[in-house]
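These are the residues of each chain, in order.
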Amino acid sequence: MNSFELPKIPLGDLVEAFVEWFEVTFAVALDGISEGLDWFIDGMRTLLLVLPTPVFIVLASVLIWVVTKRDTRLAACSAIGLFLIWDLHLWSLAMETLALVLTATLFALIIGIPTGILAARSGTAHKLVRPVLDFMQTMPAFVYLIPAVVFFGLGNVPGMIATVVFAMPPVVRLTVLGIRQVPVELTELADAFGTTERQKLVKVQLPVAMPTIMAGINQCIMMALSMVVIAAMIGAQGLGYTVLEGIQRLDIGLGFEGGLAIVIIAIILDRVTQSLAPGHNE
Amino acid sequence: MNKEMIKPKIIIRSLYKIFGKHPGEAVPLIREGVSKKEVQERTGQTVGLRDVSFSIEEGEIFVIMGLSGSGKSTLLRCINRLIEPTHGEVLIDGTDLASLDEDGLREVRRKKLGMVFQNFALLPHRNVIENVAFGLEVQGMPEDERLEKARQTIRMVGLAGYEGSMPDALSGGMKQRVGLARALASDPDVLLMDEAFSALDPIIRTEMQDELLDLQNDLAKTIVFVTHDLDEALKLGNRIALMKDGAVVQVGTPEEILTAPADEYVASFVAGVDMTKVLTAEGVMKSPDPVLPIFSGPRVALKLMNEHGISTIFAVGKGKVLRGLVTAEDAVAAARAKMTNIEDILITDTPVTSPDTPVRDLMGLVATTQYPVAVVDGCHRLRGVIVRGSLLGALAINGNNDEECA
């Protein structure tokens, strides 16, 4: 049976060689990006920590109350949740995590929404983008960590990059879906009234697709939040690191506290972004 | 038809639309007269429109009617080029839209062509006034100006007070008023209405039809109205084009379509229509022959009646102006009394009607009078005569096409 052995294609070796070549060739650029992103994440964290914690909690609750069109229950629950995080001495870690999530989401949106628009409007772009998205979504999240470390070393930046890659697919997919689902009559309306392509996109397609795109943004934030925990394995700071520590030391209490803080942040972000979707209150 | 609307606004010349990847293969086949089904089988191409030609006059309501799949919506969309025709031309005010570049086409769509959609196509994220102002906004009109104009148009369609409402909060009829106002706001010459009232309840629908006719009285737009509903077509259309399998089977006034269907298909389509609503006095009257010159004597009157086997005769003056009616009975009496003039025996209070009175309104008149009804025009000239027999005869012929073969 084993007389003939199928020669193995050296796929792993090839990928490794490519990553190495890439790293060497673009070393300067990669360093630049790394420093820039580090600076950005740090800035974001500093910004989040600039206010005294109690003031932040009150302001955040009021802000949530305003943007959710006076959802008093949500605002109150948020205040209690944030207070709990503060009380558990996890505040600065939580803000670090939040900074990572917000930065990663921001980049995922900056890349994802235009990509989605492009893919929705051009069949060719869609054909190119789809397999890439499939790849990004089904490849186990841990695998992204390896090239991220190779390119950017350990720390927040590779964690954030891996998070962007992991969290972007839903934004692209739901942007495509939202725009493709715009009723034919509405695109006909735009054409019949003599819109330019740009007017059609800005005045008809994007606003009509907005609820779906918002769902994509919501998904993106949720996935980013789950990924920053995994990213702790390559040195990303924040609550993920606390959880990882809990696992490594088999410290149930520590793991639970870190996990709970993440859940609180997740629920607040989820409810707030959901309530931002147009048509939510109708 | 009025004589002043003879200028063609839209001319469509041998228009073809083939859906599929190789439309070129299908056109020659269609030219040979191969059927839609066979073209589909032989080339895999779907025939949307085949050799459509007609012109639409300025200021008329032109109805394109047909069952679903007959190509009526495709034809409408070829006018503003939402669908690109495979072959043939569409001229608007003498300009072939295919000859325009993108900017030129956009300009025509913005200024000349308004469109109303079957399912309203309101933008869900905009309130009524923002929806109505959409076209003006696209044209780049400053906000104050376009909102003011939108407000006027909203008032025109009877929606004043709803400017701030969201589309979700409106009923179907109100939504379509918004759709109509949006199309009217940029004051286009041509309104393209795609099954505009088909999604509405019957009562609202009738109301909207009446209102469209009212608006049309003031605005005198050129309206191209697509519908699958014959009653709607007959009610709104100055002229109707009836479509089947992508071809126009007949173009004509509602009355022409009903009384002289071009083929079996049209005949079967119009069978069962309530003819009394559509036929007019003009369509059922007999020509007024013979008539009696007013200066004739009773013996002439008797002789004419005798020759034509009738018992009454209309007397006319100069230019066929109706003067009155002479009955055989009175003429005999007058002849015996040796009268030389019929003026003394004229009956002048017989019923008269105008040529465009619907037959439905004539029924009562004809039923209650013992005299024939004179059809006179605006100058009181005798145009025709309606007697009970001719009325019933016309209805019997026109109303029972489907029973002839039984």
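Counting starts from 1 at the beginning of each chain's written sequence and moves along it residue by residue. All chains are assigned letters beginning at A, and all ligands numbers beginning at 1, according to the order in which they are written. Only residues with pLDDT of 70 or above have their local features reported here, since the model is predicted, and side-chain atom pairs are shown and tallied only from 80 upward, although totals for entire chains, interfaces and linings are computed over all residues. Water and hydrogen atoms were dropped before computing side-chain values, which therefore reflect all heavy atoms in the structure.

**Thoughts on the overall build of chain B**
- When helices and strands are counted, chain B shows 18 helices and 16 strands.
- Note on exposure labels: buried denotes an accessible area under 20% of the residue type's maximum, exposed denotes more than 50%, and partly exposed covers the range between, all computed with a 1.4 Å probe on protein chains only. Residues counted as buried form 51% of the 406 residues belonging to chain B.
- We call two residues in contact whenever any of their non-hydrogen atoms come within 4.5 Å of each other. Restricting the contact set of chain B to residue pairs at least 6 apart, pairs at least 24 apart contribute 65%.
- Accessible surface is estimated by sampling points in the Shrake-Rupley manner with a 1.4 Å probe; for residues, cover comes only from the protein chains shown. For chain B, the accessible area works out to roughly 18,800 Å², and carbon and sulfur atoms hold 49% of it.
- When charges are tallied, Lys and Arg are placed among the positive residues and Asp and Glu among the negative ones, while His and the ends of the chain are skipped. One atom stands in for each charge, and that atom is NZ of Lys, CZ of Arg, CG of Asp or CD of Glu. Of the side chains in chain B, 45 bear a positive and 58 a negative charge, and the two mean positions are spaced by 2 Å. The helix and strand labels rest on DSSP assignments: H or I over at least four residues marks a helix, E over at least two residues marks a strand, and numbering proceeds from the N terminus.

**A short note on the environment of A199(B)**
- If you trace the backbone, A199(B) turns up in the loop between β7 (190–194) and α9 (202–219).
- Filtering out sequence-adjacent residues up to four positions away, A199(B) remains in contact with Q118(B), N119(B) and F120(B).

**Concerning the layout of surface pockets**
- Cavities and pockets were defined on a 1 Å grid built from protein atoms only: a cavity is a group of points that admits a 1.4 Å probe but offers it no way out, a pocket is an open group of points flanked by protein on both sides within 12 Å along at least five of seven lines, and a lining residue is one with an atom within 4 Å of any such point. Grid points are joined across faces, edges and corners, and a volume is the space filled by probe spheres set on the points. Its volume calculated, the largest pocket comes out at about 1,300 Å³.
- As for the largest pocket, its lining consists of 35 residues, and the residues nearest its centre are L234(B), K235(B), G237(B), P254(B) and T280(B).
- Listing elements by their share of the lining of the largest pocket, those giving two or more residues are α9, α10 (230–236), α11 (254–259), α13 (275–278) and α14 (281–284) of chain B.
- Ranked by residues supplied to the lining of the largest pocket, first place goes to α9(B) with six residues.
- Residues that form the lining of the largest pocket fall into these classes: 14 nonpolar, 10 polar and 11 charged.
- Within this model, the second largest pocket holds a volume of roughly 710 Å³.
- Along its surface, the second largest pocket is lined by 23 residues, and L63(A), L98(A), L102(A), L269(A) and V272(A) are the ones closest to its centre.
- For the lining of the second largest pocket, the elements supplying multiple residues, two or more each, are α2 (27–49), α3 (53–67), α5 (91–121) and α12 (252–276) of chain A.
- The residue inventory of the lining of the second largest pocket, partitioned by class, reads 21 nonpolar, two polar and no charged. Here the nonpolar group is Ala, Val, Leu, Ile, Met, Phe, Trp, Tyr, Cys and Pro; Asp, Glu, Lys and Arg are the charged ones; every other residue, Gly included, is treated as polar.

**Quick notes on the side chain of Q176(B)**
- Counting through the fold element by element, Q176(B) comes out in helix α8 (residues 172–185).
- Residues contacting Q176(B), with those up to four places away along its chain left out, are V116(B), F117(B), Q118(B), F120(B), A196(B), F197(B), L200(B) and M208(B).

**Quick notes on the sheet that holds strand β16 (residues 382–386) of chain B**
Residue and element names in this part refer to chain B.
- One requirement defines pairing of two strands: DSSP has to find at least two bridges between them. Strand order in this open sheet of three strands is β14-β15-β16, and the pairing throughout is mixed. Every interior strand has two partners, whereas the edge strands, β14 (352–353) and β16, have only one.
- Two elements, strand β15 (residues 373–376) and β16, share four bridges in a ladder whose sense is antiparallel. What sits directly across from V373, in β16, is I386.

**Observations regarding the side chain of D377(B)**
Residues and elements named next belong to chain B.
- Inspection of the secondary structure assignment puts D377 in the loop between β15 and β16.
- In protein, a polar contact means a hydrogen-donor-capable atom and an acceptor-capable atom, both N or O and within 3.5 Å, with residues adjacent in sequence counting only if both atoms are side-chain atoms; elsewhere, any N or O pair within 3.5 Å suffices. Polar contacts involving the side chain of D377 include one to the main-chain amide nitrogen of R381, which spans 3.0 Å.
- With residues up to four places along the chain from it excluded, the contact list for D377 reads P355 and R383.

**A few points about the nonpolar core**
- In these notes, a set of buried Ala, Val, Leu, Ile, Met, Phe, Trp, Tyr and Cys residues joined through side-chain atoms within 4.5 Å is what counts as a nonpolar core. In terms of nonpolar packing, the biggest core is built from 73 residues, with I85(A) and I265(A) touching the most fellow members.
- Listed in part, the 62 residues of the second largest apolar core include L170(B), L180(B), F269(B) and L395(B).

**Some words on empty space enclosed by the protein**
Residues and elements named next belong to chain B.
- For the structure on display, the rule yields one cavity of 30 Å³ or more.
- Here the largest cavity defines a volume of roughly 40 Å³.
- Taken together, L180, L184, L191, L212, L215, Q216, L219, K221 and I223 make up the full set of residues lining the largest cavity.
- Elements supplying a minimum of two residues to the lining of the largest cavity: α8 and α9.
- Ranked by residue count, the leading element in the lining of the largest cavity is α9, at four residues.
- In terms of residue class, the lining of the largest cavity is made up of seven nonpolar, one polar and one charged.

**Section: a negative patch on the surface**
Residues and elements named next belong to chain B.
- Among the surface-exposed residues, E130, E143, D144 and E145 lie close enough to one another that they form a single negatively charged patch.
- Element by element, the count of residues in the negative patch is highest for helix α7 (residues 143–156), at three residues.
- Following the sequence through the fold, E145 ends up in helix α7.
- Relative accessible area serves as the criterion here: at 46%, E145 is assigned to the partly exposed category. Patches were defined on residues exceeding 30% relative accessible area and lacking a salt bridge, with like-charge contacts within 9 Å and nonpolar side-chain contacts (Val, Leu, Ile, Met, Phe, Trp, Tyr) within 5 Å. We define a salt bridge as a side-chain nitrogen of Lys or Arg found within 4 Å of a carboxyl oxygen belonging to Asp or Glu.

**A closer look at the packing of aromatic side chains**
All names here are of chain A.
- Each pair of aromatic rings taken from Phe, Tyr and Trp, with Trp reduced to its six-membered ring, is defined by centres within 6.5 Å and is described as stacked if the planes are under 30 degrees apart, edge-to-face if over 60, and tilted in the remaining cases. For the structure on display, the rule yields 13 aromatic pairs over all chains.
- Pairing F22 with F26 gives two aromatic rings, centres 4.7 Å apart and planes at 45°, and the pair type is tilted.
- Among the residues examined, F26 registers a relative accessible area of 36% and is labelled partly exposed.
- Centre to centre, the rings of F56 and W91 are 5.4 Å apart; their planes meet at 75°, and the pair counts as edge-to-face.

**Some words on the pattern of salt bridges**
All names here are of chain A.
- Summed over all chains, the structure comprises 33 salt bridges over all chains.
- Taking the shortest distance from any N to any O, the salt bridge between R271 and D270 comes out at 2.6 Å.
- If you follow the salt bridges from partner to partner, you end up with R121, D191, E197 and K200 in one network.

**A few points about the interface of chain B and chain A**
- Counting from both sides, the interface comprises 24 residues of chain B and, opposite them, 16 residues of chain A.
- Two parts lose some accessible area (1.4 Å probe) when they are put together, and adding that loss for both gives the buried area. Taken over both partners, the interface formed by chain B and chain A buries close to 1,800 Å², and the fraction arising from carbon and sulfur atoms is 63%.
- If you look at where chain B meets chain A, you find two salt bridges.
- Counting the contacts that link chain B with chain A gives 10 residue pairs in polar contact (both at pLDDT 80 or more).

**Details of unusual backbone geometry**
- Phi angles above zero are rare outside glycine, and R70(A) is one such case at about 65°.
- Among the secondary structure elements, R70(A) is positioned in the loop between α3 and α4 (72–87).
- Classification of R70(A) by relative accessible area gives exposed; the value is 63%.
- Of note in the backbone geometry, R81(B) takes a positive phi value of approximately 60° without being a glycine.
- Residue classification places R81(B) among the buried residues on the basis of a relative accessible area of 7%.

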